[in-house]
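Residue-level listing of the chains:
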Amino acid sequence: MSKIVKKFLLDDGWSIGKNESWFADMAEKGLHLKSIGRVFASFEKGEPSKSKYRIDVLQQKPSQEQLDVYKECGWDIVTVRGNFYIFSSPESSDSPELHTDPAEQSYTLVDLDRRLRSNLIIISLMMLLFFGIMFSVFFIDRRPFLSMVRGMFIQQILLVIVELYGFYAIIRNYIAVRILRKSLSEGQPINHKENWRRSHFINGTVSILVLTIAVLSILNPIAQMIKSKEYTLPEAVSDLPIVRLEEIEQNPNFEREIFYNSEGVDWGNHVNYNWSVLAPVQYEVDEHGIVNNEMWGDKSGTYSPSIHTQFYQLAFPAIADGLIHDLMDRYLYKTDITRQKVDTDLFDQVYISVEGIEKQIFASLNNNVIHVRYYGNKDAAHILSLISSTISE
C-alpha cells in the first residue's frame, strides 16, 4: 500500500513557476504529486525520478479528446483543482511546451482575472460588514473591557485574525494573477525552475500559525463552557473572595432566605464561576437573607437584606481601571445616580454609590476587581472595611 505524504502548498497555487519547480524537486526525492487541496498538497512515496510539471489554467473542463492530445504530446494529467490542471512528463522526454507564446497564454487568464476582481469586490463588502459587527460588539454598548474579561474579546480577536488572513489570501491571489498576466502579455515566459524554498518556509509557517489560531478559536469557548460552574452558595464560611451577608448584618437572628430553581440550585443564594483568558477567576454571587424580628425602616415588611457580588482576578492589572468604569456604566445606569471616589490606601481605586437602601461599591487592588451591590440598612463604609480584608488576602 502506497504511503501519502502531505505538505503545505506554496502561495495558494498562483506562483505557477515556483509550484512547478517544487513538484519536480519533490519527484527527485521520491515524492510524486497526487492531489492538491486548499492548504495541503498530497504526494505518494515512490522511486525518485526526474520529472517536469506544468500547470495550465483552463476555463472549461477539457474533453477526453483534448486530454488524449496532451498525452500524445507526452503530458499526463496528474490532478485538478478548480481551474488548475497539472500535467507531468519525464524530464528526459522531448515533450513540447504546453504554451510556446507567452502573450497568447496571457489570454487564458482574462476571464479568471475578471472573476477574481468581482469576487474581491463582493468579499470586501462582506468584510466591511463583518468588521462592523465585530466593532459593535465591543464599542456600541460602551463597555469593551467588560466584554473582554467575560471572554468575548479573545474569541472575536481570534476570528478576526483568521478572517483577515483569508481576506489577505484573496487579495494576494488577485494581485498574483494580475502580475502573471502582465508579464506574459509582455512576452516573459514562466520560469519553470523558479526557487520555491523561501516561499515554502514562509507559507508553511504562516499556515501553521493560522491553523493554530483557528483551532484556538474553537477551543476557547469550549474551555469556557467546561470551566464554568453554577452551584448553591454554601452556608458555612467558604474561601470565596466575597463578603458574606451574615458578616455585614452581624445579627444573631439573621437567616438565609431560600429560593430554588428547577435544577436544585438555590437561585437566591448561588455562585456562578466563569473563566476567560483575560480573567482566569470570575465569580458572580447572590445572597439573600431575612431577619424575622426586624422591619424595614418604612414598615413595608420584614427586613430582608441581599447582596450581589462580582469578583474578577485579571491576567493583567492594566485592565482594572477600564473594567471598573465599565462596571459603573453598566450598573449605575440611571443618570441621577451619583458616584463618589474614595481616597484610601487600602485600594488602588474605590467608588461608592448610595441611593436609599442600595449601596454599590466598585474597588480594585492589583489585579483584583470587585463590585458589590447591597440592599440593606448597613452603611457603605462598613461594607468597604469588610471588602478590604477580603480582596487583599
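Residues numbered from 1 in each chain as written. Predicted model: local features only at pLDDT ≥ 70, side-chain atom pairs only at ≥ 80, totals over all residues. Heavy atoms only, no water.

Quick question: what am I supposed to make of the overall build of the protein here?
When helices and strands are counted, the protein shows ten helices and 16 strands. Across its three principal axes, the protein shows a C-alpha extent of roughly 105 × 45 × 40 Å. A burial count over the protein gives 45% of its 393 residues as buried. With 39 positive and 49 negative side-chain charges, the protein shows a spacing of 9 Å between the two charge centroids. (Helix = DSSP H or I, 4+ residues; strand = E, 2+ residues; numbered from the N terminus. Buried < 20%, exposed > 50% of the residue type's maximum accessible area, 1.4 Å probe, protein only. Lys, Arg positive; Asp, Glu negative; His and termini not counted. Charge placed at Lys NZ, Arg CZ, Asp CG, Glu CD.)

Can you help me understand the side chain of Gln 224 in this one?
When you line up the elements, Gln 224 lands in helix H7 (residues 197–227). The class for Gln 224 is buried, based on a relative accessible area of 16%. Each residue touching Gln 224, except ones within four places of it in the same chain, is listed here: Arg 150, Gly 151, Trp 275 and Ser 276. (Contact = heavy atoms within 4.5 Å.)

Which parts of the structure should I look at to understand the sheet that holds strand S5 (residues 76–81)?
Strand pairing in a sheet is mediated by backbone hydrogen bonds. Such pairs are either parallel or antiparallel. Strands sit in the order S4-S6-S5 across an open sheet of three strands; the sheet is antiparallel. Two strands in the sheet have a free side with no partner beyond their single neighbour: strand S4 (51–57) and S5. The sheet shows a mean angle of 25° between the axes of neighbouring strands, direction not considered. In terms of strand pairing, S5 meets strand S6 (residues 84–90) through five bridges, oriented antiparallel. Note on S6: the bridge partner recorded for Thr 79 is Ile 86. (Pairing = 2+ DSSP bridges. Axes fitted to C-alpha atoms, helices over the stretch in contact; angles between N-to-C directions.)

Where do I start with the pattern of salt bridges in this structure?
Two side chains with opposite charge may pair up if their charged atoms get near one another. For the structure on display, the rule yields ten salt bridges. For Arg 197, the salt bridge identified is with Asp 25, shortest N-O distance 3.7 Å. Taken as a pair, Arg 197 in helix H7 and Asp 25 in helix H1 (residues 16–28) lie far apart in primary sequence, 172 residues in all. Note that Glu 287 and Arg 244 form a salt bridge whose closest N and O atoms lie 3.4 Å from each other. With a gap of 43 residues between them, Glu 287 in strand S10 (residues 281–295) and Arg 244 in the loop between strand S7 (229–232) and helix H8 (245–249) connect regions that are remote in the sequence. Across the pair, Arg 244 and Glu 287 agree in class, each one buried. Each of Asp 113, Arg 178 and Arg 181 takes part in salt bridges that share partners, so that together they form one network. (Salt bridge = Lys/Arg side-chain N within 4 Å of Asp/Glu carboxyl O.)

Where do I start with a nonpolar patch on the surface in this structure?
A contiguous nonpolar surface patch, about 690 Å² in accessible area, is contributed by Val 215, Leu 216, Ile 218, Leu 219, Ile 222, Met 225 and Ile 226. Along the polypeptide, Ile 222 turns up in helix H7. (Patch = residues over 30% accessible without salt bridge, like charges linked within 9 Å, V, L, I, M, F, W, Y side chains within 5 Å. Areas by Shrake-Rupley, 256 points an atom, 1.4 Å probe, with all protein chains shown as cover.)

When you look at unusual backbone geometry in this model, what are you seeing that I'm missing?
Excluding glycine, a negative phi dihedral is what most residues carry, and trans is how most peptide bonds are arranged. Despite not being glycine, Gln 250 shows a phi value in the positive range, around 50°. Here Gln 250 lies in the loop between H8 and strand S8 (254–256). On the basis of relative accessible area, Gln 250 is assigned to the exposed category, the value being 55%. Of note, the phi angle at Lys 299 is positive, near 60°, even though the residue is not glycine. Along the chain, the position of Lys 299 falls in the loop between S10 and strand S11 (302–303).

Would you mind showing me how to read the pairing of strand S14 (residues 349–355) here?
The side chains of a regular strand alternate between the sheet's two faces. The buried count for S14 comes to five of seven residues, which makes it a mostly enclosed element. Two elements, strand S13 (residues 340–341) and S14, share two bridges in a ladder whose sense is antiparallel. Bridge pairing links Gln 340 to Ile 352 in S14. Summarising the sheet, S14 and strand S15 (residues 358–365) pair through seven bridges and their orientation is antiparallel. Residue pairing in the sheet places Val 354 in a bridge with Lys 359 of S15. Adjacent in sequence and paired antiparallel, S14 and S15 are bridged by two residues, among which Gly 356 carries a positive phi angle near 65°.

Taken by themselves, the reported measurements are silent on function.
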